[in-house]
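Structural features, examined
Residue strings, one per chain:
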Amino acid sequence: MAGPVPELEDRAAACAERLHEADRVLLASHIDADGLTSAAVASSALERASVPFEVVFEKQLDEDAIARIARTDYETVWFTDFGSGQLDIITDYAADGGFTPVIADHHQPADADTEFHCNPLLEGLDGASELSGAGTAYLLARELAGYGPTESAGANERKSGPNPPTDPTMTDGGTVATTTRADNRDLAALAVVGAVGDMQASGGELHGANAEIVADGVEAGVLEPTTDLALYGTQTRPLPKLLEYATDVRIPGISNDQRGAMRFLDGLDLELRDDAGEWRRWGYLTADEQQTVASALVKHAISRGVPAGKIDGLVGTSYQLTAETTGTELRDASEFSTLLNATARYDRADVGLAVCLGDRGGALERARELLRSHRRNLSEGIDLVTTEGVTNEGHVQWFHAGDRIRETIVGIVAGMALGNEGIDRDRPIFAFAEKSDEPDAVKVSGRGTHTLVRQGLDLSVVLGEAARHVGGDGGGHDVAAGATVPAGREPDFLQRADELVGEQLGQ
Ligand code: C5P
Ligand code: C5P
Ligand code: C5P
Ligand code: ZN
């Protein structure tokens with residue numbers, strides 16, 4: 001079966017064959033939107049192939065987590081959205097503990113080798129912009145589909161055939177054709193949510209292998225890319241809020257200006273309120289209405305002196321999940337991914353996974369509650385950074401949140417703050433936060449820009465090396481990486497990181 005990403009087909013096929021041979025599989029994944037969607041893609045594929053499995057989530061795949069996994073009596077462990085960076089430790093434990101690792105990841109691999117390893121970076125593809133963890137898991141899922149359900153389905157107590165409560169395709173419409181289920185192409189929708197959640201889109205859209213997966217999803221009838229306002233909240237935010245909160249491209253008279261946003265909308269010759277007088281939402285407008293609002297917005301931005309280069313950033317591709325109801329967080333890949341982060345980054349990966357697998361009842365309600373508090377935390381975190389400011393070193397800028405921002409979201413806050421008043425995009429940002437469960441350790445997240453990466457920045461190297469220099473460890477991607485360092489060693493870490501960034505940028 002021809003997969004959507006030929007470069008990785010052999011690796012994906014070898015992994016799938018090994019998984020299919022397993023009596024049962026322990027599936028281990030990462031606690032963010034990409035990790036959750038990876039786990040959802042992987043569990044759906046295993047379920048459909050009638051391979052029994054269990055899922056565990058880890059905040060970080062450190063030695064403790066690997067040791068815990070090794071102590072289980074699973075002979076096959078499928079790692080998704082992590083594993084490559086810890087390959088050296090995994091292979092040590094696998095040899096001792098008698099398990100076979102199967103890895104579907106997109107992080108910078110450690111210096112070790114293993115038989116069943118699928119990672120875009122091993123074949124010259126970019127793991128930060130061309131393929132996510134969920135995309136990699138999807139490639140294995142496509143190969144797994146080639147086997148069909150195992151003949152010995154009785155051995156694993158699993159029903160074959162549709163299983164409504166946990167079936168990702170049985171959403172409101174429940175209309176996905178069985179052929180696309182048979183080849184697992186319907187799972188492309190979740191893979192795209194993972195890629196968008198890892199911020200792999202650039203210049204407004206997904207590229208490379210991610211774009212191939214989008215094409216799969218379009219063919220399968222589960223995805224619809226549309227040209228849209230590149231603003232967060234097109235499905236769930238009332239129009240004035242959508243515009244008011246649009247701060248990535250700052251539009252004078254509209255951004256951060258509720259009355260200005262309403263005045264702008266009222267000035268258009270459109271019915272933008274419903275019968276009850278409530279503001280409508282972007283996702284419900286007709287294509288013509290959307291076109292009118294978008295052109296007026298661009299015109300307004302030009303008249304207020306927003307430069308042409310920035311105006312391009314107002315429009316981009318959004319990825320709609322066609323089986324989901326319009327106006328819900330699940331309809332739009334970007335809103336879906338934020339909903340998932342709101343669960344997994346707060347120790348409720350189970351809730352996010354259930355939503356991915358089709359629970360539109362209790363789990364979705366719980367996820368929405370978690371989203372409200374996630375939003376509050378993000379906005380308080382950004383306020384904190386913006387009011388207290390960052391410290392500029394030669395080549396980097398940083399802030400220390402102490403216990404005021406949760407370590408699992410400090411990287412998201414840093415990324416969102418980059419470009420705000422006083423936080424230039426001309427150098428990477430490092431954000432420290434205390435780890436609640438490890439008083440002697442501090443979490444650090446690094447975020448850069450694609451422009452800096454083109455100039456040579458590789459934060460996975462910087463965070464890895466600077467952390468090891470002070471007795472910690474880290475890794476990730478060129479544009480976004482993280483590490484754990486011993487508490488108190490932040491200054492030495494920063495000094496080394498600053499040197500490394502200076503070298504990479506040739507300064
Ligand atoms: O573990 P993982 O790959 O999932 O995490 C990726 C992280 O990197 C996400 O939290 C995402 O927000 C961040 N990222 C970013 N900017 C990019 C690419 C990724 O901030 N251009
Ligand atoms: O939380 P997550 O990393 O998925 O957020 C991805 C992006 O969504 C952020 O960088 C931000 O642009 C947007 N976002 C937002 N308002 C929120 C949550 C997310 O604008 N409340
Ligand atoms: O936690 P944060 O969002 O800053 O993570 C950014 C990226 O760095 C993620 O891809 C994450 O998996 C990676 N990371 C890592 N090792 C760590 C911490 C984060 O590889 N110790
Ligand atoms: Zn990822």
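Residues numbered from 1 in each chain as written. Chains lettered and ligands numbered in written order. Predicted model: local features only at pLDDT ≥ 70, side-chain atom pairs only at ≥ 80, totals over all residues. Heavy atoms only, no water.

Here we take up the overall build of the chain. The secondary structure content of the chain amounts to 19 helices and 13 strands. Taking 507 residues into account, the globule formula puts the C-alpha radius of gyration at 23 Å, and the chain, at 23 Å, falls close to it. In terms of its C-alpha atoms, the chain occupies a principal-axis envelope of roughly 65 × 55 × 35 Å. When contacts within the chain are restricted to residue pairs at least 6 apart in sequence, those whose partners lie at least 24 apart make up 68%. By element, 46% of the accessible surface of the chain is carried by carbon and sulfur atoms, the whole surface being about 21,200 Å². Side-chain charges of the chain comprise 43 positive and 84 negative groups, with the mean position of each set lying 7 Å from the other. (Helix = DSSP H or I, 4+ residues; strand = E, 2+ residues; numbered from the N terminus. Rg over C-alpha atoms; globule rule 2.2 N^0.38 Å. Contact = heavy atoms within 4.5 Å. Areas by Shrake-Rupley, 256 points an atom, 1.4 Å probe, with all protein chains shown as cover. Lys, Arg positive; Asp, Glu negative; His and termini not counted. Charge placed at Lys NZ, Arg CZ, Asp CG, Glu CD.)

What surrounds ligand 1 is a group of 13 residues, the closest being Asp-32, His-107, Asp-198, Arg-447 and His-477. Side-chain polar atom of His-107 to an oxygen atom of ligand 1: 2.9 Å apart, as the coordinates give it. Between ligand 1 and Arg-345, the relevant distance is 3.3 Å, taken from an oxygen atom to a side-chain nitrogen or oxygen of the residue. When isolated, ligand 1 has an accessible area of 470 Å², and the protein chains bury 88% of it. Residues lining the shell around ligand 1 come from more than one domain, with at least three contributed by each of domain 1 (6-145) and domain 3 (389-505). (Near = heavy atom within 4 Å. Polar contact = N/O pair within 3.5 Å; in protein donor to acceptor, adjacent residues only side chain to side chain. Domains from an automatic or database assignment.)

Most often, soluble globular proteins keep nonpolar side chains buried together rather than apart. Grouped together as the largest cluster of nonpolar side chains are 70 residues, with contacts concentrated most on Trp-78, Leu-140, Val-192 and Phe-336. Counting contributing residues, this core receives three or more from each of domain 1 (6-145) and domain 2 (220-375). With near-sequence residues (within four places) excluded, Trp-78 lies in contact with Leu-19, Val-25, Leu-26, Leu-27, Ala-28, Ala-42, Leu-46, Val-102, Ala-104, Ala-137, Leu-140 and Leu-144. Of all hydrophobic cores here, the second largest spans 25 residues; its members include Leu-229, Leu-231, Leu-239 and Leu-272. (Core = buried A, V, L, I, M, F, W, Y, C linked by side-chain atoms within 4.5 Å. Buried < 20%, exposed > 50% of the residue type's maximum accessible area, 1.4 Å probe, protein only.)

The next subject is unusual backbone geometry. Excluding glycine, most residues fall at negative phi; most peptide bonds, likewise, are trans. Notably, Asp-81 is not glycine yet its phi reads approximately 65°, a positive angle. In the Ramachandran plot, Asn-184 falls in the positive-phi region, its phi being about 65° despite a non-glycine side chain. Tracing the backbone shows Asn-184 in the loop between helix 6 (178-182) and helix 7 (188-197).

Our focus in this paragraph is a negative patch on the surface. Taken together, Glu-63, Asp-64, Asp-88, Asp-92, Asp-96, Asp-111, Glu-438 and Asp-440 make up a surface patch of like negative charges. Residue assignment for the negative patch shows that the elements contributing at least two residues are helix 3 (63-71) and helix 4 (87-97). By residue number, the principal contributor to the negative patch is helix 4, which donates 3 residues. Note that Asp-92 resides in helix 4. (Patch = residues over 30% accessible without salt bridge, like charges linked within 9 Å, V, L, I, M, F, W, Y side chains within 5 Å. Salt bridge = Lys/Arg side-chain N within 4 Å of Asp/Glu carboxyl O.)

Looking at the zinc ion (ligand 4), one finds its protein donor set to be Asp-34 (OD), Asp-81 (OD), His-106 (NE2) and Asp-198 (OD), positioned 2.1 to 2.3 Å from the metal centre. When the donors of the zinc ion (ligand 4) are listed by position in the chain, the intervening gaps give D-x46-D-x24-H-x91-D. Of this pair, Asp-34 sits in helix 2 (residues 33-48) while His-106 sits in the loop between strand 4 (100-104) and strand 5 (116-118); the two residues are 72 residues apart in sequence, bridging distant segments of the chain. Take Asp-34: its relative accessible area is 0%, and that puts it in the buried class. With relative accessibility at 0%, the residue His-106 sits in the buried group. (Donors = N, O, S within 2.8 Å, 3.2 Å for Na, K, Ca; no water.)

A word on the UniProt feature "domain: DDH" (unreviewed entry) in the chain. Summarizing the sequence annotation, UniProt attributes the feature "domain: DDH" (unreviewed entry) to residues 25-142 in the numbering used throughout. Secondary structure content for residues 25-142 is 39% helix and 21% strand, and the end C-alpha separation is 17 Å. (UniProt positions renumbered as here; feature names shortened; annotations may be inferred.)

Relative to the elements of secondary structure, Val-442 occurs in strand 11 (residues 441-447). Remark: the alpha-carbon pair of Val-442 and Ala-344, spanning 98 residues in sequence, is separated by 20 Å. If we ignore the near neighbours within four places in the chain, the residues touching Val-442 are His-400, Phe-432, Ala-433, Lys-435, Ala-483, Thr-484, Val-485, Ala-487 and Glu-490.

For the rest of this paragraph, the subject is the packing of aromatic side chains. For the structure on display, the rule yields 4 aromatic pairs. Here the aromatic rings of Phe-432 and Phe-493 are separated by 5.9 Å at their centres, their planes lie at 80°, and the arrangement is edge-to-face. Separated by 61 residues along the polypeptide, Phe-432 in strand 10 (residues 429-434) and Phe-493 in helix 19 (residues 490-504) bring together distant segments of the chain. Connected via pairs of aromatic rings, a cluster forms that spans Trp-398, Phe-430, Phe-432 and Phe-493. (Phe/Tyr/Trp six-rings, centres within 6.5 Å; stacked < 30°, edge-to-face > 60°.)

This paragraph deals with the sheet that holds strand 11. Read across the open sheet, the 6 strands follow the order 8-9-10-11-13-12; overall the sheet is mixed. Of all strands in the sheet, those with a lone pairing partner are strand 8 (391-392) and strand 12 (473-476), marking the two edges. One ladder, built from 4 bridges, connects strand 12 with strand 13 (residues 480-486); its direction is antiparallel. Pairing of Gly-475 across the sheet is with Gly-482, part of strand 13. (Pairing = 2+ DSSP bridges.)

What follows covers the site of ligand 2. The environment of ligand 2 is made up of Met-199, Tyr-232, Arg-237, Thr-338, Asn-341, His-374, Arg-375, Leu-378, Ile-412 and Met-416. Between ligand 2 and Arg-375, the relevant distance is 3.2 Å, taken from a nitrogen atom to a side-chain nitrogen or oxygen of the residue. Protein coverage of the free-state accessible area of ligand 2, which is 450 Å², stands at 82%. Of all the elements in the fold, those that place two or more residues in the shell around ligand 2 are helix 13 (333-344), helix 15 (362-388) and helix 16 (410-417). Of the residues forming the shell around ligand 2, the biggest block, 3 residues, is contributed by helix 15. Of the residues assigned to the shell around ligand 2, the class counts are 5 nonpolar, 3 polar and 2 charged. (Nonpolar A, V, L, I, M, F, W, Y, C, P; charged D, E, K, R; others polar.)

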